[in-house]
Amino acid sequence: MLPVTAVANPNIAFIKYWGNRNEALRLPANGSISMNLEGLETRTTVQFDTLLPADNIKINGKLAGGKAHARVSMLLDEVRALACIRQFAWVVSENNFPTGTGIASSASAFAALTLAAATAAGLEASPCEKDATRSRRPDVLPGGPCLDLAALSRLARHGSGSACRSIPGGFVEWTAGTDDANSYAVSIAPPEHWDLANCIALISTDHKSTGSTEGHTLAGTSPLQSARVDDAQRRLDICRHAILNRDFTAFAEIVEADSNLMHAVMMTSRPPLFYWQPATLAVMQAVRTARTKGLPVCYTIDAGPNVHVICTGAAAEETTKLVRSIPGVREVRLAKVGGPARLVENPSTTPDEI
Ligand code: DP6
């Protein structure tokens, strides 16, 4: 069987996923809304091989073992079951941005893995419904069952919740759903719908001490989590409406409120989680001040100290300059709105390299 390469962008959530109703299936406590981040990407190549005694997984140049290996193999097991194959796989995955620092690397990693593995296993997989026929590869077991966008997004969710949002393109909503079958993400608007940019203030690239997976299990220990979840539908409706109407004022208010609510839950969990550093707060304050002076800009923060400063494309240059000038900000990465997870036609990784 031939190697297949897929690329996916991470995404930044405007309405956050924090806490699961079902940890094993990653059924979220509430729905979420995000945008994909163009330019930041995970590139993953998968090749199933009858001669392999176990999955061989290389992530950013290092052989994966332990939990990381088990998490990837679990997703490959699901793909094998769907495709009715038994072969283990070679997996090579590379990110072009720092991992474990509040830029959702597990989102792009599991989205790219899902698409590459499903296609390499002979499943007809496409994150873009209209591309379903184009993505069929005659060299990989033609005629296998078809995985549509919803099925791919559900599968990616099993690997990492936020990964289900990196399968479709542009602005994306993950509906919490009632069970495994109907909890997946769809695009609510394509990338070109609204020219937004994310100026990511990198404050630290150290690996965070408590990852999201562990953090989700603590969410319910905060007395604030039930209030956050009960109010989620209201925030989702406001955010979706603001995106569809390109209403930056309404968007900025709800995005910051949602991020603050999630961090309030984090800080009041047992044990509490403090992801912010002094420079994180400095950026938040500078962003709010700039907005009162008319710059269309707002902040949101994931499970790390880095701040995602969202602005209109027209304000990206001024925003980058502002964020760069704040003491404690080491670097600024700019990302516009990204597309869906996609297959790479002429992968640079050859079977020899894999
Ligand atoms: C704070 O999707 O990384 O970024 O399902 O355990 O992989 P796992 O968690 P993950 O959680 C993301 C949490 C967040 C908010 C968000 O992206 O919605």
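Since this is a predicted model, take the numbers as computed values, not measurements. (Residues numbered from 1 in each chain as written. Predicted model: local features only at pLDDT ≥ 70, side-chain atom pairs only at ≥ 80, totals over all residues. Heavy atoms only, no water.)

A. Molecular detail of the overall build of the protein. A tally of helices and strands in the protein yields 9 helices and 18 strands. For the protein, whose C-alpha radius of gyration is 20 Å, the value lies close to the compact-globule estimate of 20 Å for 354 residues. Taken along its principal axes, the extent of the C-alpha atoms in the protein is 60 × 40 × 35 Å. By element, 55% of the accessible surface of the protein is carried by carbon and sulfur atoms, the whole surface being about 14,600 Å². (Helix = DSSP H or I, 4+ residues; strand = E, 2+ residues; numbered from the N terminus. Rg over C-alpha atoms; globule rule 2.2 N^0.38 Å. Areas by Shrake-Rupley, 256 points an atom, 1.4 Å probe, with all protein chains shown as cover.)

B. Region of interest: the packing of helix α1 (residues 66-83) against helix α2 (residues 105-120). Put simply, α1 and α2 touch, their axes get as near as 10 Å, and they point 35° apart. Where α1 crosses over α2, the two elements pack in a sense that is right-handed. Between α1, through R71, V72, L75, L76 and V79, and α2, the contact on the second element is made entirely by S106, F110, L113, T114, A117 and A118. Of the residues in the contact of α1 with α2, the class split is 8 nonpolar, 2 polar and 1 charged. (Axes fitted to C-alpha atoms, helices over the stretch in contact; angles between N-to-C directions. Left-handed = near helix turned anticlockwise from the far one by under 90°. Contact = heavy atoms within 4.5 Å. Nonpolar A, V, L, I, M, F, W, Y, C, P; charged D, E, K, R; others polar.)

C. Layout of the site of the ligand. Close to the ligand lie 17 residues, the nearest being R71, S160, G161, S162 and T213. Here an oxygen atom of the ligand sits 2.6 Å away from a polar atom, N or O, in the side chain of S160. For the ligand, an oxygen atom lies 2.6 Å from a polar atom in the side chain of S162. Coverage of the ligand by the protein amounts to 96% of the 450 Å² it exposes when considered alone. No other element matches the 3 residues that helix α4 (residues 212-218) contributes to the shell around the ligand. Residue composition of the shell around the ligand, grouped by class: 5 nonpolar, 7 polar and 5 charged. (Near = heavy atom within 4 Å. Polar contact = N/O pair within 3.5 Å; in protein donor to acceptor, adjacent residues only side chain to side chain.)

D. Representation of the sheet that holds strand β15 (residues 297-300) in the model. Read across the sheet, 4 strands follow the order β15-β16-β14-β17 without closing on themselves; strand pairing throughout is antiparallel. Looking at which strands have only one partner, the edges of the open sheet turn out to be β15 and β17 (331-336). Between one strand axis and the next, the sheet turns through 25° on average, direction left out of account. Where β15 and strand β16 (residues 307-312) come together, 4 bridges link them in antiparallel fashion. For V297, the partnering residue across the bridge sits in β16 and is C311. (Pairing = 2+ DSSP bridges.)

By themselves these figures say nothing about function.
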